[in-house]
Amino acid sequence: MTSTTFQHTRYVISENLVTFGAFALFLVLTLFAIFGEAIAPYDPLASNAAAALQPPSAAHWFGTDQLGRDILSRVMVATRLDLGIAVMAVALSFLVGSLLGTCAGYFGGWSDRIISRCIDTLMAFPLFVLAMGLVAALGNTVANIIYATAIINLPLYTRVVRSEILVRREAGFVEAARLTGNSEWRIMARHLFPNVLPVMMVHISLNMGWAILNAAGLSFIGLGVQPPTPEWGIMVAEGATYIVSGEWWLALFPGAVLMMAVFCFNLLGDGLRDLIDPRMRT
């Protein structure tokens, strides 16, 4: 990282408190995902009937659930699973969608028509309903949740990359690459796609929040990760049944962490836009 880039990055983060908070929250979530099991105060799977449904206290900051399990520990350990699903799903949809979009935008013709029609077919369905159908058909395993989330996110990357490639495929640097003997695939991989990548980084960050929400939503309706595995959507679903009886903490804290994670990645997208936008380098 050059000195100018470092100074610009420091300026964007320090001058925008929202961006600074988003990066700080992202760091906390990353630490929970990596070290959650080691730093959790209790075993997230250990039940204790004598301590069931205890409100937040010094011993249990987030209270305990109906089986006496510490909610804070379960929230911390669940971070790895939820972020892991989101990262894997977004990475898979980014790789496949970028390849399809690059081929459609660069080659055009029949390849563009076939890819575009397939993407239009996916977009004809409500995306969350499509994810529900895929998981219900394939089985509610973590792998299938990742595949379903990746499939419903394909249209975003394919269409954005296709539009960016269409703008750049006749640019001067592409013509120069052709004249120097580069193959079509080398031009796409070494000259076109790197120019699209900065724009895609913002979409990746924004899509992470949606992927987390999608995985939690599937678990909430019973089509995602199954109990007793700690997962934010499951914890909100289990806690929702106790709100009327007054045990508000069961759903509040997992739901608040889920909300903050989604906000974190949405705000990170704004920060990344400021970092990579040349108009911000004044």
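Right, let's walk through the structure included here. Here the structure is a predicted model, which is why all the values come from computation and not from measurement. (Residues numbered from 1 in each chain as written. Predicted model: local features only at pLDDT ≥ 70, side-chain atom pairs only at ≥ 80, totals over all residues. Heavy atoms only, no water.)

1. Let's talk about the overall build of the chain
We apply this condition: By definition, any uninterrupted DSSP run of H or I lasting at least four residues is a helix, any uninterrupted run of E lasting at least two residues is a strand, and each is numbered from the N terminus. Remark: exposure states derive from per-residue accessible area (1.4 Å probe, protein chains only) relative to the maximum for the residue type, with buried under 20%, exposed over 50%, and partly exposed in between. Any pair of residues with heavy atoms lying within 4.5 Å of one another is described as a contacting pair. Note on areas: Shrake-Rupley with a 1.4 Å probe; residue coverage comes only from the protein chains shown.
Helix and strand counts for the chain come out as ten helices and zero strands. Each helix and strand of the chain, ordered N terminal to C terminal, gives the series α-α-α-α-α-α-α-α-α-α. Across its three principal directions, the C-alpha atoms of the chain cover 75 × 50 × 30 Å. Every one of the 282 residues in the chain was classed for burial, and the buried ones make up 43%. For the chain, the share of sequence-separated contacts (at least 6 apart) that also reach a separation of at least 24 residues comes to 71%. Put simply, the chain shows about 14,200 Å² of open surface, and 70% of that area lies on carbon and sulfur atoms.

2. Considerations on the packing of aromatic side chains
Quick reminder of the rule: Centre distance within 6.5 Å is the pairing criterion for rings of Phe, Tyr and Trp, where only the six-membered ring of Trp is used; planes under 30 degrees apart are then read as stacked, over 60 as edge-to-face, and the remainder as tilted.
Across all of its chains, the model carries eight aromatic pairs by this definition. Ring centres of Phe 94 and Phe 193 lie 6.1 Å apart, and the angle between their planes is 45°; on these two criteria the pair is classed as tilted. In this pair, Phe 94 sits in helix α3 (residues 71–107) while Phe 193 sits in helix α8 (residues 184–220), placing the two residues 99 residues apart along the sequence. For the ring pair Tyr 106 and Phe 107, a centre distance of 5.3 Å and an interplane angle of 80° mean the geometry is edge-to-face. Residue Phe 107 is classed as partly exposed on the basis of its relative accessible area, which comes to 40%. Each residue in the set Phe 62, Trp 248, Trp 249 and Phe 253 is aromatic and connected to the rest through ring pairs, giving one cluster.

3. A word on the packing of helix α5 (residues 127–138) against α8
Heads up, the rule is: Helix axes are fitted to C-alpha atoms over the stretch in contact, other axes to C-alpha atoms as well, and angles between N-to-C directions run from 0 to 180 degrees. To sort the angles, those under 35 degrees are grouped as roughly parallel, those over 145 as roughly antiparallel, those from 65 to 115 as roughly perpendicular, and the leftovers as oblique. Two helices cross in a left-handed way if the nearer one is turned anticlockwise from the farther one by less than a right angle. They cross in a right-handed way if the turn is clockwise. Polar here means any residue other than Ala, Val, Leu, Ile, Met, Phe, Trp, Tyr, Cys and Pro, which are nonpolar, and Asp, Glu, Lys and Arg, which are charged; Gly is therefore polar.
It is at 11 Å that the axes of α5 and α8 come closest, and there the two elements cross at 55°. In terms of orientation, α5 and α8 fall into the oblique class. α8 is crossed by α5, and the crossing has right-handed handedness. From α5, Phe 128, Ala 131, Met 132 and Val 135 reach across to α8, where they touch Asn 214, Gly 217 and Leu 218. Residue classes in the contact of α5 with α8 are distributed as five nonpolar, two polar and no charged.

4. Details of the nonpolar core
Our working rule: Throughout this description, the term nonpolar core refers to a set of buried Ala, Val, Leu, Ile, Met, Phe, Trp, Tyr and Cys residues connected via side-chain atoms within 4.5 Å.
By size, the foremost hydrophobic cluster in this structure holds 42 residues, and its most contacted members are Ile 71, Val 75, Leu 192, Met 200, Ile 212 and Trp 232. For this core, the secondary-structure elements that each account for two or more residues are α2 (17–39), α3, α6 (142–168), α7 (172–179), α8, α9 (232–240) and α10 (249–276). Counting residues in each nonpolar core, the second largest holds 20 residues, with Leu 81, Ile 85, Ile 152 and Ile 234 among its members.

5. Quick look at a nonpolar patch on the surface
Just so we agree on the cut-off: Think of a patch as exposed residues, more than 30% relative accessible area, with no salt bridge, where like charges cluster within 9 Å and nonpolar side chains (Val, Leu, Ile, Met, Phe, Trp, Tyr) cluster within 5 Å. When a carboxyl oxygen of Asp or Glu is within 4 Å of a side-chain nitrogen of Lys or Arg, the pair counts as a salt bridge.
On the surface, a cluster of nonpolar side chains totalling about 440 Å² of accessible area is made up of Val 18, Met 259, Met 260, Phe 263 and Leu 267. The greatest single-element share of the nonpolar patch, amounting to four residues, is contributed by α10. Along the polypeptide, Met 260 turns up in helix α10. For Met 260, a relative accessible area of 39% translates into the label partly exposed.

6. Digging into the environment of Ala 51
Among the structural elements, Ala 51 can be located in the loop between α2 and α3. Between the alpha carbons of Ala 51 and Ile 212 there is a distance of 30 Å; along the sequence they are 161 residues apart.

7. Here we look at the side chain of Thr 102
The residue Thr 102 is located in helix α3 in this model. Sequence-distant contacts of Thr 102, that is, excluding residues within four places in its chain, are made with Val 161, Ile 165, Met 188 and Phe 193.

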